[in-house]
Amino acid sequence: MARRYDPERRQRIIDAAIRVVGEKGIGGLSHRSVAAEADVPLGSTTYHFKTLDELLVAALRQTNEGFAKAVAGSDVFEAPRSGLAAGLAAVLGEWFAGERTAVELEYELYLAALRRPALRPVAAEWCAGVADELARRTDPVTARALVALMDGICLQVLLTDAVYEEEYARDMLARVIDGAPGEDADGAAADRRGERGAPGT
């Protein structure tokens, strides 16, 4: 009998894998559990994804779109540099205001890269993609720092079950963008030079 044409099957398997991880965690993921969730033969999952890592890579790429959609729905990358901190903080707020389970799932798959090297390039793609966009408004070094700060804020909120504080995020992002407190930093550097003494003294 000829194979039934089913162009959406691969996508259904990915969607099913994401649901399985959402309900049971990474440890509950297997070809068998995904096949049952997607209502497809077991052989279909191994046909499209020979290993679980391949399936997790596809799932992570798809879940990474959550934050990307939040960014795409805003004009944060088009805003003047002076409004960038407020824009980024607002985007994070909108993201957290959505379905919390989806946010947690995105980070669960993201952090799975700690144990699964195959996922690391996908996690790096997300960081690099956001940093590239931010570099258009700042510079590459500041952009990387902003991504690290946003990552840290998100992890703190998720791991401590804290409330996202948009004002705090905005202020911290502004410090990175503006180099604040710039005058204090310069003053401290000058003080240190004075403590060491001028050359020849």
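Not measured: the values here are computed from a predicted model. (Residues numbered from 1 in each chain as written. Predicted model: local features only at pLDDT ≥ 70, side-chain atom pairs only at ≥ 80, totals over all residues. Heavy atoms only, no water.)

## A look at the overall build of the chain
So the rule is basically this: A helix here means a DSSP run of H or I that spans at least four residues, while a strand means a run of E at least two residues long, and both kinds are numbered starting from the N terminus. Burial classification: accessible surface area is computed with a 1.4 Å probe over protein chains only, and a residue below 20% of its type maximum counts as buried, one above 50% as exposed, and the rest as partly exposed. In what follows, residue pairs with any heavy atoms lying within 4.5 Å of each other are defined as contacts. In these tables, accessible area is a Shrake-Rupley quantity obtained with a 1.4 Å probe, and a residue counts as shielded only by the protein chains included in the view.
From N to C terminus, the chain includes eleven helices and zero strands. Secondary structure elements of the chain occur, N-terminal to C-terminal, as α-α-α-α-α-α-α-α-α-α-α. Counting across all 201 residues of the chain, residues that qualify as buried make up 38%. Within the chain, counting contacts between residues at least 6 apart in sequence, those at least 24 apart form 65% of the total. In the structure as shown, the chain presents an accessible area of about 11,800 Å², 53% of it carried by carbon and sulfur atoms.

## Focus: the packing of aromatic side chains
What counts, and what does not: Only the six-membered ring of Trp is used, alongside the rings of Phe and Tyr, when aromatic pairs are assigned; centres must lie within 6.5 Å, and planes under 30 degrees apart are stacked while those over 60 apart are edge-to-face, with the rest tilted.
Counted by the stated rule, this structure contains five aromatic pairs. Between the aromatic rings of Tyr 107 and Tyr 110, the centroid separation amounts to 5.4 Å while the plane-to-plane angle is 85 degrees, which identifies the pairing as edge-to-face. Of this pair, Tyr 107 and Tyr 110 both sit in helix α7 (residues 100–111), three residues apart, roughly one helical turn. Judged by relative accessible area, Tyr 107 falls into the buried class, the value being 6%. Residue classification places Tyr 110 among the buried residues on the basis of a relative accessible area of 15%. Grouping aromatic residues by their ring pairs yields a cluster made of Trp 95, Phe 96, Tyr 107, Tyr 110, Trp 126 and Tyr 164.

## Structural notes on the side chain of Glu 106
Structurally, Glu 106 can be placed in helix α7. Using a relative accessible area of 5% as the deciding quantity, one classes Glu 106 as buried. Setting aside its immediate chain neighbours within four residues, Glu 106 contacts Leu 60, Thr 63, Asn 64, Gly 66, Phe 67, Trp 95 and Trp 126.

## Section: the side chain of Thr 142
Inclusion rule: In protein, a polar contact means a hydrogen-donor-capable atom and an acceptor-capable atom, both N or O and within 3.5 Å, with residues adjacent in sequence counting only if both atoms are side-chain atoms; elsewhere, any N or O pair within 3.5 Å suffices.
Relative to the helices and strands, Thr 142 resides in helix α9 (residues 140–160). At a separation of 2.7 Å, a polar atom in the side chain of Thr 142 contacts the side chain of Asp 139. Setting aside its immediate chain neighbours within four residues, Thr 142 contacts Val 176 and Ile 177.

## Overview of the pattern of salt bridges
To be explicit about the condition: The term salt bridge refers to a pairing of a side-chain nitrogen on Lys or Arg with a carboxyl oxygen on Asp or Glu at a separation within 4 Å.
Counted according to the given criterion, the structure contains seven salt bridges. Note that Glu 125 and Arg 61 form a salt bridge whose closest N and O atoms lie 2.7 Å from each other. Of this pair, Glu 125 sits in helix α8 (residues 120–135) while Arg 61 is found in helix α4 (residues 52–63), placing the two residues 64 residues apart along the sequence. Owing to a relative accessible area of 42%, Arg 61 belongs among the partly exposed residues under this scheme.

## A short note on the environment of Asp 139
Relative to the elements of secondary structure, Asp 139 occurs in the loop between α8 and α9. In sequence terms Asp 139 and Ile 177 are 38 residues apart; their C-alpha atoms lie 9.3 Å from each other. In terms of polar contacts, Asp 139 uses its side chain to reach the backbone amide nitrogen of Val 141, at 3.1 Å.

## Looking at the nonpolar core
Rules: As used here, the term nonpolar core means buried Ala, Val, Leu, Ile, Met, Phe, Trp, Tyr and Cys residues forming a set that is joined through side-chain atoms within 4.5 Å.
Counting 59 residues, the largest nonpolar core has Val 34, Phe 67, Leu 88, Trp 95, Leu 109, Leu 134 and Tyr 164 as its most contacted members. For Leu 134, the contacting residues outside a window of four places in its chain are Phe 77, Leu 84, Leu 88, Ala 143, Leu 146, Val 147 and Met 150.

## Notes on the packing of α9 against helix α10 (residues 166–178)
Helices that pack against each other are described as a pair by the angle of their axes relative to one another and the distance between those axes. To keep things clear, this is the line we draw: Fitting a line to C-alpha atoms yields each axis, with helices limited to the stretch in contact; the angle taken between N-to-C directions then spans 0 to 180 degrees. Just so you know how the angles are binned, under 35 degrees is roughly parallel, over 145 roughly antiparallel, 65 to 115 roughly perpendicular, and the rest oblique. When the near helix sits turned anticlockwise from the far one by under a right angle, the crossing is termed left-handed; a clockwise turn instead gives a right-handed crossing.
Contact geometry of α9 with α10 gives a least axis separation of 9 Å together with a crossing angle of 160 degrees. Taken together, the axes of α9 and α10 lie roughly antiparallel to each other. Helix-helix and strand crossings are classified by hand; for α9 and α10 the assignment is right-handed. Contact residues: Thr 142, Ala 145, Leu 146, Leu 149, Met 150 and Ile 153 in α9; Ala 169, Met 172, Leu 173, Val 176 and Ile 177 in α10.

## A word on the confidence of the model for the chain
Stated formally: Residue-level confidence of the predictor is summarised by pLDDT, bounded by 0 at the bottom and 100 at the top.
Overall, the prediction assigns the chain a mean pLDDT of 83, with 86% of residues at 70 or greater. Taken element by element, the predicted model of the chain shows its lowest mean pLDDT in helix α11 (residues 182–196) (40) and its highest in helix α2 (residues 31–38) (96). Here residues 180–201 scores under 50 on pLDDT; set against residues more than four positions off or in separate chains, the count is one contact.

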